[in-house]
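Working through the structure, step by step
Listed below, chain by chain, are the residues.
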Amino acid sequence: MISPDRAAANMTTSQKHRNFVAEPMGEKPVGTLAGIGDVLGKKLEDKGFDKAYVVLGQFLVLKKDEDLFREWLKDTCGASAKQSRDCYGCLREWCDAFL
């Protein structure tokens, strides 16, 4: 049974987010992260962040700190507040499930 907290989270997250956190990361491209579409994905790839696990590495280097990660994402690829929030939430939930 899904907990009420988990059910509430499912109502506020995208299908892309739910798909990402449902399984190990493996070699997924950066564009599979919630909040990261084609444009931001290309910008991240151009800076060496071609796989989701490379962005996860930066997330962990920043000690999973929301403000620092979101600021880094904005500075690195021009992510909006919503895009950076979605990406942060996706990585945080993935870490909670798999680390």
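This is a predicted model, so every value here is computed, not measured.

Time to look at the layout of surface pockets. Taken as a whole, the largest pocket encloses approximately 290 Å³ of empty space. Lining the largest pocket are 15 residues, with Thr12, Thr13, His17, Gly89 and Arg92 sitting closest to its centre. For the lining of the largest pocket, the elements supplying multiple residues, two or more each, are helix H1 (4-12) and helix H6 (81-98). By residue number, the principal contributor to the lining of the largest pocket is H6, which donates 8 residues. For the lining of the largest pocket, the class distribution of residues is 3 nonpolar, 5 polar and 7 charged.

Bringing the environment of Ala79 into the picture now. Relative to the helices and strands, Ala79 resides in the loop between helix H5 (66-77) and H6. In sequence terms Ala79 and Lys43 are 36 residues apart; their C-alpha atoms lie 10.0 Å from each other. When sequence neighbours within four positions are dropped, the list of residues in contact with Ala79 reads Leu40, Leu73, Lys74 and Ser84.

Going through the model one piece at a time under the given rule, you end up with 0 disulfides. In this model Cys95 remains outside any disulfide bridge; the closest cysteine sulfur is found in Cys90, 9.7 Å from its own. Using a relative accessible area of 1% as the deciding quantity, one classes Cys95 as buried.

Structurally, Lys28 is set in the loop between helix H2 (15-21) and helix H3 (38-46). Among residues more than four places away in sequence, those in contact with Lys28 are Asn19, Phe20, Glu23, Lys51 and Ala52.

Our focus in this paragraph is the environment of Ala81. Structurally, Ala81 is set in helix H6. Assessed through its relative accessible area of 47%, Ala81 is described here as partly exposed. Note: C-alpha distance between Ala81 and Gly35 (46 residues apart in sequence) is 9.7 Å.

Applying the stated rule across the entire model yields 5 aromatic pairs. Look at Phe59 and Tyr88: their rings are 5.7 Å apart centre to centre, the planes differ by 55 degrees, and that puts the pair in the tilted class. Pair noted here: Phe59 is in helix H4 (residues 52-61) and Tyr88 is in helix H6, with a separation of 29 residues, a long-range link. Where Phe69 meets Trp72, the ring centres are 5.7 Å apart and the plane angle is 35 degrees; that geometry is what we call tilted. Taken as a pair, Phe69 and Trp72 lie in helix H5 at a separation of 3 residues, close to a single helical turn. Here the aromatic cluster, defined as three or more aromatic residues joined through ring pairs, consists of Phe49, Phe59, Phe69, Trp72 and Tyr88. In this structure, Lys28 is placed above the aromatic ring of Phe20, and the distance from its NZ or CZ to the ring centre is 4.6 Å.

Parameters and conventions
Residues numbered from 1 in each chain as written. Predicted model: local features only at pLDDT ≥ 70, side-chain atom pairs only at ≥ 80, totals over all residues. Heavy atoms only, no water. 1 Å grid on protein atoms, 1.4 Å probe; cavity = no way out; pocket = protein on both sides within 12 Å on 5 of 7 lines; lining within 4 Å. Points joined across faces, edges and corners; volume = space filled by probe spheres on them. Helix = DSSP H or I, 4+ residues; strand = E, 2+ residues; numbered from the N terminus. Nonpolar A, V, L, I, M, F, W, Y, C, P; charged D, E, K, R; others polar. Contact = heavy atoms within 4.5 Å. Disulfide = S-S within 2.5 Å. Buried < 20%, exposed > 50% of the residue type's maximum accessible area, 1.4 Å probe, protein only. Phe/Tyr/Trp six-rings, centres within 6.5 Å; stacked < 30°, edge-to-face > 60°. Lys NZ or Arg CZ within 6 Å of the ring centre and 35° of its normal.

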